[in-house]
Amino acid sequence: MENATQHSDPHYDQEASKLGMWLFIFTELLLFGGLFLVYSIYRFLNPEAFRLAGEELNLTIGAINTVILLVSSMTIAMSTSALQKKNKGLTIFLLEVTIMLALIFLINKYFEWGVKFDHGIWPGSQHLINDMSKGEILFFGLYFVMTGLHALHIIVGMIIIIVALNKVQKGTVHADRPSLLENAGLYWHLVDLIWIFLFPLFYLIH
Amino acid sequence: MEKEKHHIVPYKVYFYILIALITLTFMSIGITKINLGGYSVLGAMIFSTIKSVLVLTWFMHLKFDQPLIRFMVGFVALLFFAITFITFLDYYFR
């Protein structure tokens with residue numbers, strides 16, 4: 001009887017929902033893990049070509065994007081605290097900031113890739129095939145696939161955060177039912193986690 | 001009970017973690033600027049590992065979650081290192 005008054009919805013299980021999200025995160029980690037392994041092996045086999053190709057990348061944009069992602073991770077983490085403290089206005093504000101930071105990250109990425117395209121570097125480009133060594137072709141192939149897949153995760157993360165934001169606004173996600181926002185947060189931190197390893201591996205080769 | 005299980009992390013804790021993460025980022029940029037040969041990759045990877053532990057523990061709330069999730073994260077990390085180690089053994093002794 002007591003339980004019936006405490007829980008408004010018997011189908012809601014916060015722990016199970018969290019566990020499910022973590023299982024999904026593990027599949028994502030191993031997906032990127034496989035790509036990191038491919039990268040490590042090819043770098044081990046072509047150290048000089050990877051160093052040479054890595055110098056083409058813009059360290060400043062990479063560092064700025066790292067800081068942007070770290071700050072956005074903090075804002076979404078803060079938004080879950082704000083939701084638990086029943087501060088709806090602050091929750092929404094922090095989520096909006098997170099979405100804005102994600103957008104800035106993508107805009108930087110657009111310019112970064114744009115510069116590469118201007119230099120004739122994209123997967124299968126004539127410049128890449130004719131003038132570069134096998135190791136450099138591998139480096140840029142991995143660079144576009146891995147940062148591209150990561151950017152795709154940023155876009156998906158933004159959509160999930162927008163959905164969570166709408167539900168917070170409507171009041172269906174609240175302090176007693178925070179799973180959607182918490183899982184959106186977990187997904188966003190995963191995106192951050194992957195970038196923490198992408199950044200030094202591609203931008204910090206010397 | 002429910003309240004105890006659901007720990008609310010103060011905003012300032014998240015801010016301190018962010019400062020630590022940004023500091024570590026610039027330290028990893030710094031260490032690769034110094035010419036350490038093969039060790040600079042190792043250095044950068046150590047910084048990244050510390051950063052990922054901070055993100056997992058605080059941002060992803062592993063510190064406050066049930067031990068099962070921590071155990072599973074550790075298992076997945078171990079699995080990945082095992083796969084990497086075995087693959088490198090193969091390539092190294094070819």
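In what follows, the accompanying structure is described. Worth saying up front: this structure is predicted, and the values here are computed from it rather than measured. Here the residue numbers are simple positions, counted from 1 along each chain's written sequence. Think of it this way: whatever chain is written first is A, whatever ligand is written first is 1, and the rest follow in order. Residues qualify for local features only when their pLDDT is at least 70, as the model is predicted, and side-chain atom pairs are given and counted only at 80 or more; totals for whole chains, interfaces and linings, by contrast, use all residues. Calculation of side-chain values draws on the structure's entire complement of heavy atoms; hydrogens and water are dropped beforehand.

1. Some remarks on the overall build of chain B
Then, number 1: In this text, helices come from DSSP runs of H or I with a minimum length of four residues, and strands from runs of E with a minimum of two, each type numbered from the N-terminal end. The secondary structure content of chain B amounts to 4 helices and 0 strands.
Then, number 2: Seen in sequence order, chain B has helices and strands lined up from the N terminus as α-α-α-α.
Then, number 3: For a compact globule the rule gives 2.2 Å times the number of residues to the power 0.38, and the radius of gyration it is set against comes from C-alpha atoms. Rg of the C-alpha trace for chain B: 17 Å, well past the compact-globule value of 12 Å for 94 residues, more than 25% over.
Then, number 4: Principal axes of the C-alpha set define a box for chain B whose edges measure 55 × 30 × 10 Å.

2. Examining a nonpolar patch on the surface
Then, number 1: Here the term patch refers to residues with relative accessible area over 30% and no salt bridge, with like charges joined within 9 Å and nonpolar side chains (Val, Leu, Ile, Met, Phe, Trp, Tyr) within 5 Å. In short, Shrake-Rupley with a 1.4 Å probe defines the accessible areas, and a residue's cover is counted only from the protein chains shown. Salt bridge, as used here, is a side-chain nitrogen of Lys or Arg placed within 4 Å of a carboxyl oxygen of Asp or Glu. A cluster of nonpolar side chains, Val38(A), Tyr42(A), Phe44(A), Leu45(A), Phe85(B), Ile86(B), Leu89(B), Tyr92(B) and Phe93(B), forms an exposed patch at the surface whose accessible area comes to about 930 Å².
Then, number 2: Counting residues per element, the ones that place at least two in the nonpolar patch are helix H2 (14-45) of chain A together with helix H4 (67-92) of chain B.
Then, number 3: Looking at the secondary structure, you find Val38(A) in helix H2.
Then, number 4: When accessible area is computed with a 1.4 Å probe and restricted to protein chains, residues below 20% of their type maximum are described as buried, those above 50% as exposed, and intermediate ones as partly exposed. Judged by relative accessible area, Val38(A) falls into the partly exposed class, the value being 35%.

3. Some thoughts on the packing of aromatic side chains
Then, number 1: Working definition: a ring pair exists when centres of Phe, Tyr or Trp rings (six-membered ring for Trp) sit within 6.5 Å. Plane angles under 30 degrees give stacked, over 60 give edge-to-face, the rest tilted. The final tally for this structure, using the stated rule, is 24 aromatic pairs over all chains.
Then, number 2: Measuring from centroid to centroid gives 5.4 Å for Phe139(A) and Phe140(A), while their planes differ by 90 degrees, and the two rings are edge-to-face.
Then, number 3: Residue classification places Phe140(A) among the buried residues on the basis of a relative accessible area of 0%.
Then, number 4: A ring is scored as having a charge over it whenever the NZ atom of a lysine or the CZ atom of an arginine sits within 6 Å of its centre and within 35 degrees of its normal. Just above the ring of Tyr11(B) sits the side chain of Lys85(A); from NZ or CZ to the centre is 4.3 Å.
Then, number 5: One cation-aromatic arrangement involves Arg94(B) over Tyr91(B); the distance from NZ or CZ to the ring centre is 4.5 Å.

4. Considering the side chain of His150(A)
Residue and element names in this part refer to chain A.
Then, number 1: As for its placement among the helices and strands, histidine 150 is situated in helix H7 (residues 134-170).
Then, number 2: Histidine 150 sits in the buried class, given a relative accessible area of 0%.
Then, number 3: Apart from the residues lying within four places of it in its own chain, the contact partners of histidine 150 are Phe32, Leu69, Phe105, Val191, Ile194, Trp195 and Leu198. Only heavy atoms enter the contact rule, under which two residues are in contact if any of them lie within 4.5 Å.

5. Some thoughts on the interface of chain B and chain A
Then, number 1: Counting from both sides, the interface comprises 45 residues of chain B and, opposite them, 47 residues of chain A.
Then, number 2: Linking chain B to chain A there are 1 salt bridge.
Then, number 3: Lys18(A) is the salt-bridge partner of Asp65(B), the closest N and O atoms lying 2.6 Å from each other.
Then, number 4: Polar contacts, as counted here, are pairs of nitrogen or oxygen atoms within 3.5 Å of one another; within protein the pair requires one atom able to donate a hydrogen and one able to accept it, and residues that are adjacent in sequence qualify only if both atoms are side-chain atoms. Remark: the boundary between chain B and chain A carries 5 residue pairs in polar contact (both at pLDDT 80 or more).
Then, number 5: Elements with a contribution of two residues or more to the side of chain B that touches chain A: helix H2 (11-33), helix H3 (39-59) and H4 of chain B.

6. Quick word on unusual backbone geometry
Then, number 1: For Lys86(A), which is not a glycine, the phi torsion comes out positive at approximately 60 degrees.
Then, number 2: Mapped onto the fold, Lys86(A) is located in the loop between helix H4 (59-84) and helix H5 (88-118).
Then, number 3: In this structure Lys86(A) comes out as exposed when scored by relative accessible area, which is 59%.
Then, number 4: Phi angles above zero are rare outside glycine, and His61(B) is one such case at about 65 degrees.
Then, number 5: Inspection of the secondary structure assignment puts His61(B) in the loop between H3 and H4.

7. Remarks on the nonpolar core
Residue and element names in this part refer to chain A.
Then, number 1: In these notes, a set of buried Ala, Val, Leu, Ile, Met, Phe, Trp, Tyr and Cys residues joined through side-chain atoms within 4.5 Å is what counts as a nonpolar core. Judged by nonpolar contacts, the single largest core of 85 residues is most densely connected at Trp22, Phe139, Phe140, Ile154 and Phe202.
Then, number 2: Of all the elements, helix H8 (residues 179-203) adds the most residues to this core, at 17 residues.
Then, number 3: Beyond its immediate chain neighbours, meaning those up to four positions away, isoleucine 154 contacts Leu69, Ala102, Phe105, Leu106, Trp188 and Val191.

8. Regarding the environment of Leu101(A)
Residues and elements named next belong to chain A.
Then, number 1: Along the chain, the position of leucine 101 falls in helix H5.
Then, number 2: Residue class for leucine 101 comes out buried when judged on its relative accessible area of 15%.
Then, number 3: Along the chain, leucine 101 and glycine 20 lie 81 residues apart, while their C-alpha atoms are 27 Å from each other.
Then, number 4: Excluding residues within four positions of it along the chain, leucine 101 makes contact with Ile68, Val71, Ser72 and Thr75.

9. Looking at H3(B)
All names here are of chain B.
Then, number 1: To estimate the expected span of a helix, count its residues, drop one, and scale the result by 1.5 Å. Between its terminal C-alpha atoms H3 stretches 29 Å, which fits the 30 Å expected from 21 residues at 1.5 Å a residue.
Then, number 2: Among the residues making up H3, those that are buried are Ser40, Gly43, Ala44, Phe47, Ser48, Lys51, Ser52, Leu54, Val55, Leu56 and Phe59.
Then, number 3: Just downstream of H3, histidine 61 is the residue with a positive phi angle, here 65 degrees.

10. Some thoughts on empty space enclosed by the protein
Then, number 1: Lining residues are defined by having an atom within 4 Å of a point belonging to a cavity or pocket. Those points lie on a 1 Å grid over the protein atoms alone, cavities being sets where a 1.4 Å probe fits but cannot get out and pockets being open sets with protein on both sides within 12 Å along at least five of seven lines. Grid points are joined across faces, edges and corners, and a volume is the space filled by probe spheres set on the points. Counted by the stated rule, this structure contains 1 cavity of 30 Å³ or more.
Then, number 2: Lining the largest cavity are 13 residues, and of these Thr80(A), Glu182(A), Leu186(A), Phe59(B) and His61(B) lie nearest its centre.
Then, number 3: Of all the secondary structure elements, the ones that give two or more residues to the lining of the largest cavity are H4 and H8 of chain A.
Then, number 4: The element best represented in the lining of the largest cavity is H8(A), accounting for 5 residues.
Then, number 5: Residue classes in the lining of the largest cavity are distributed as 5 nonpolar, 5 polar and 3 charged. Under this grouping Gly is polar, as are all residues other than the nonpolar Ala, Val, Leu, Ile, Met, Phe, Trp, Tyr, Cys and Pro and the charged Asp, Glu, Lys and Arg.

The analysis is restricted to geometry; functional conclusions fall outside its scope.
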